[in-house]
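# What the coordinates show
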Amino acid sequence: MIECPGTEDDLANLRLGRMIRERGIATHVPTGGSVRSGGVELFLAGVQRYADPGSEFAVHSWIDDSGREAGDYAADAPENRRYLDYYRQMGMSMGEAQAFYAMTNAVPFESAHWFGAEEMGRWIRLDHVES
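Residues numbered from 1 in each chain as written. Predicted model: local features only at pLDDT ≥ 70, side-chain atom pairs only at ≥ 80, totals over all residues. Heavy atoms only, no water.

At a minimum axis separation of 9 Å, helix α3 (residues 78-89) and helix α4 (residues 94-105) run at an interaxial angle of 125 degrees. Judged by the angle between their axes, α3 and α4 are oblique. Crossing of α3 against α4: the hand is right-handed. On α4, the residues that touch Glu79, Asn80, Arg81, Tyr83, Leu84, Tyr87 and Arg88 of α3 are Met94, Ala97, Gln98, Phe100 and Tyr101. (Axes fitted to C-alpha atoms, helices over the stretch in contact; angles between N-to-C directions. Helix = DSSP H or I, 4+ residues; strand = E, 2+ residues; numbered from the N terminus. Parallel < 35°, antiparallel > 145°, perpendicular 65-115°, else oblique. Left-handed = near helix turned anticlockwise from the far one by under 90°. Contact = heavy atoms within 4.5 Å.)

Another aspect to go through is the environment of Ser66. Summarising the element assignment, Ser66 is placed in the loop between β5 (56-59) and α3. In terms of polar contacts, Ser66 uses its side chain to reach the side chain of Asp64, at 2.8 Å. (Polar contact = N/O pair within 3.5 Å; in protein donor to acceptor, adjacent residues only side chain to side chain.)

Under the criterion given, the structure shown has five salt bridges. Taking the shortest distance from any N to any O, the salt bridge between Arg36 and Glu3 comes out at 2.7 Å. Of this pair, Arg36 sits in strand β3 (residues 34-36) while Glu3 sits in strand β1 (residues 3-4); the two residues are 33 residues apart in sequence, bridging distant segments of the chain. One salt bridge connects Asp85 with Arg81, and the closest N-O pair in it is separated by 2.9 Å. Of this pair, Asp85 and Arg81 both sit in helix α3, four residues apart, which is roughly one turn of that helix. (Salt bridge = Lys/Arg side-chain N within 4 Å of Asp/Glu carboxyl O.)

Once that is clear, we can look at the environment of Gly6. With respect to the helices, strands and loops of the structure, Gly6 is situated in the loop between β1 and α1 (10-22). Separated by 34 residues in sequence, Gly6 and Val40 place their C-alpha atoms 8.1 Å apart. When residues no more than four places from it in sequence are discounted, the contact partners of Gly6 are Arg36, Ser37, Gly38 and Gly39.

Our focus in this paragraph is α3. Helix length check: α3, at 12 residues, gives a terminal C-alpha distance of 16 Å against a target of 16 Å (1.5 Å per residue), a fit within 8%. Turning to α3, its buried residues number three or more, namely Asn80, Tyr83, Leu84, Tyr86 and Tyr87. The arc that holds every buried residue of α3, seen down its axis, measures 155 degrees, which confines them to one face. Trailing α3 by a residue or two, Gly91 shows a phi angle of about 105 degrees, which is positive. (Expected span 1.5 Å × (residues − 1). Buried < 20%, exposed > 50% of the residue type's maximum accessible area, 1.4 Å probe, protein only. Arc of directions from axis to C-beta.)

This part takes up the side chain of Asp127. With respect to the helices, strands and loops of the structure, Asp127 is situated in the segment after α5 (117-123). Given the relative accessible area of 15%, Asp127 is considered buried. Reaching out from Asp127, the side chain makes a polar contact with the side chain of Arg125 at a distance of 2.4 Å. Apart from the residues lying within four places of it in its own chain, the contact partners of Asp127 are Val47, Gln48, Arg49 and Tyr50.

A few words now on the packing of aromatic side chains. Under the criterion given, the structure shown has nine aromatic pairs. Judged by centre distance (5.7 Å) and plane angle (35 degrees), the rings of Trp62 and Tyr73 are tilted. Of this pair, Trp62 sits in the loop between β5 and α3 while Tyr73 sits in the loop between β5 and α3, and the two are 11 residues apart along the sequence. Take Trp62: its relative accessible area is 10%, and that puts it in the buried class. On the accessibility criterion, Tyr73 (16% relative accessible area) is buried. (Phe/Tyr/Trp six-rings, centres within 6.5 Å; stacked < 30°, edge-to-face > 60°.)

Structure follows, in C-alpha cells:
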C-alpha cells in the first residue's frame, strides 16, 4: 500500500475490506507509503499487517451525504455501529474497536490525525518480517 487515499463510498470500502480479510490477504505499508482515511480500513483488513518505519497513516471522522459526522449520531446508531462491527471483524476486541474509533472521530472530517507505524502498532498488532 504505497499511495492509498480515502474513499467516496464507505460502505463499498468496508465490503472490500471484508473481501481482503476473507481471502487471507496481507497488507503492507512500506517506508514512504501513505494510507489515509478509508485506506486505513483496508490496511486493517490484512490477515497479516506490516507497516515499515517511515510509513504514515491519517485518520479523521467520516462525513455522510447530508454533512453529518460520526459525533452527530448516537453512539449506538447504525451509522456508528457499522465501523465498530467492522473493527471487531478485523480482530479488535470491543474495547480496542471503541478506542480506535474514538481516536479517528476526535478529528473533524476537514482535518486529519497523522501518525506513523509506531503509533499504529499501539492500536493493533503489527506483524514483522522474519530476518
